[in-house]
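# Breakdown of the fold
Residue-level listing of the chains:
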Amino acid sequence: MSRAAVLCGLGGSLPERIVSNEELAEQLDTSDRWIRTRTGIGQRHVVAPGQSTSDLAVAAGAQALASARATAGRADDGVDPVDPVDLVVLATSTPDRPCPATAPDVAHRLGLGHVPSFDVSAVCTGFVYALATAASMITAGIAGRALVIGADTFSTILDPADRTTRAIFGDGAGAVVLRAGDSGEPGALLGFDLGSDGSGADLITVRAGGSRQRSVPGPAAEGEEFFTMDGRPVFTRAVLDMSRSSQSLLERVGWSAAEVDKVVAHQANIRILNAVGEQLGLEEKQIVANLDRVGNTVAASIPLALRDAVAGGELQPGHRVLLTGFGGGLTWGSAALVWPELETGRPHR
Ligand code: COA
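The notes below deal with the structure included here. Predicted model, so just to flag it, every value in this text is computed and none were measured. (Residues numbered from 1 in each chain as written. Predicted model: local features only at pLDDT ≥ 70, side-chain atom pairs only at ≥ 80, totals over all residues. Heavy atoms only, no water.)

## Let's talk about the side chain of Thr297
The topology assignment puts Thr297 in the loop between α10 (291-294) and α11 (301-311). Separated by 3.1 Å, the side chain of Thr297 and the backbone nitrogen of Ser301 make a polar contact. Setting aside chain neighbours within four positions, we find Thr297 in contact with Asp152, Gly170, Asp171, Gly172 and Leu304. (Helix = DSSP H or I, 4+ residues; strand = E, 2+ residues; numbered from the N terminus. Polar contact = N/O pair within 3.5 Å; in protein donor to acceptor, adjacent residues only side chain to side chain. Contact = heavy atoms within 4.5 Å.)

Below, the structure written as structure tokens:
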């Protein structure tokens, strides 16, 4: 047994407005049938004018903190339910502003005091990177209790005329609380596998708005402020890198793929999830999918899938869980844990 970060709270938040495939098809040359068969997505949530990533992050964070308090109150595990959070890590690629980071504002609005807080930028792998960062700070003794949030509002950076990206991405936030504990406890994060390959940086990108473009006098070229993605190579790499990362972590943790109860992979495309399942030799019941209801919510994708799987009774205490993500950068990452007993309350939408 050794000191470990233990997951002890879970929350999520989605903006109210739902955009159905049918609504998209009224604006763009697409159809419900194309979107469902090629991606598995049926609808997505999008922010209202003036609503930002931090608004969703605060709502998800508050829910995860309430879940951690309720879990500690019930569990009688010797953990003080009022132990304060002393670290906030926010994974996002759509911060409220390019500078400063969004996490300090989120920590402030949650009333967490002067805790260290910062953003992590790894696009759709952001949540796994943030989880690894916070867990490492806990095991190193730098923090005792961390709020880890994945939040993105990709609807704010999409080209309104791009039928492909508008069909795929949705807005949302998901959050977990980690506390210092013991590697033998349910909820302990048992290991991570992380990687990147910058040779694929152009496959998923926003070309304008950074120093490369802004060091040139004058405005950005038209359309460069929008998010772009080269779908086919991204599809191939997502399958390859999530499968390889999962396999390598499973070897390290000592689980076979058959021993994993639930794989909660980044919700990019149902065909990607199925292909990863095939590569790993998984059965359909092992794969968690909620992308039909929320689309690809980027850094929020994995914690929102966890929240929905718990709410639906699909994910149970004692289950062996493998998390795996892939995203821009390119980046990828996986984490493993045994699912703990959690009080989660009602999902916020
Ligand atoms: N509605 C109708 N047709 C569409 C469409 C839409 N929403 N989006 C794309 N198409 C068209 C394309 O324009 C193309 O038409 P063409 O053959 O006339 O050029 C055709 O459908 C096939 O495009 P293709 O890119 O080959 O489709 P695909 O089966 O690969 O699916 C993606 C496209 C984007 C859904 C798929 O590549 C994908 O999911 N990629 C990974 C995306 C991802 O996960 N990104 C995030 C990673 S973190």
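That shown, we press on.
## What to know about α11
Counted residue by residue, α11 has 10 buried out of 11 residues, so it is predominantly covered. Looking at α11, one finds that the buried residues are Ser301, Ile302, Pro303, Leu304, Ala305, Leu306, Arg307, Asp308, Ala309 and Val310. Where α11 ends, the next residue or the one after it, Gly313, has phi of about 80 degrees, a positive value. (Buried < 20%, exposed > 50% of the residue type's maximum accessible area, 1.4 Å probe, protein only.)

## A look at unusual backbone geometry
A cis geometry characterises the amide bond from Cys99 onward to Pro100, with omega recorded as 0 degrees. Relative to the helices and strands, Pro100 resides in the loop between β4 (87-91) and α4 (103-109). Positive phi, close to 50 degrees, is recorded for Val123, a residue that is not glycine. Here Val123 falls in the buried class, since its relative accessible area comes to 16%. Phi at Val298 takes a positive value of approximately 60 degrees, unusual for a residue other than glycine. Relative to the helices and strands, Val298 is located in the loop between α10 and α11.

## Quick look at the site of the ligand
Around the ligand, the surrounding shell holds 23 residues, and the nearest of these are Thr30, Arg38, Arg163, Arg232 and Asn269. In the model, a nitrogen atom of the ligand is placed 2.6 Å from a nitrogen or oxygen of the Thr30 side chain. Between Trp34 and the ligand, the recorded distance is 3.4 Å, taken from a side-chain N or O atom to a nitrogen atom. In isolation the ligand has 950 Å² of accessible area, and contact with the protein removes 74% of it. At the level of elements, α2 (32-39), α6 (163-168), α8 (231-253), α9 (270-280) and β12 (320-327) are the ones that each hand at least two residues to the shell around the ligand. Residue composition of the shell around the ligand, grouped by class: 10 nonpolar, eight polar and five charged. (Near = heavy atom within 4 Å. Areas by Shrake-Rupley, 256 points an atom, 1.4 Å probe, with all protein chains shown as cover. Nonpolar A, V, L, I, M, F, W, Y, C, P; charged D, E, K, R; others polar.)

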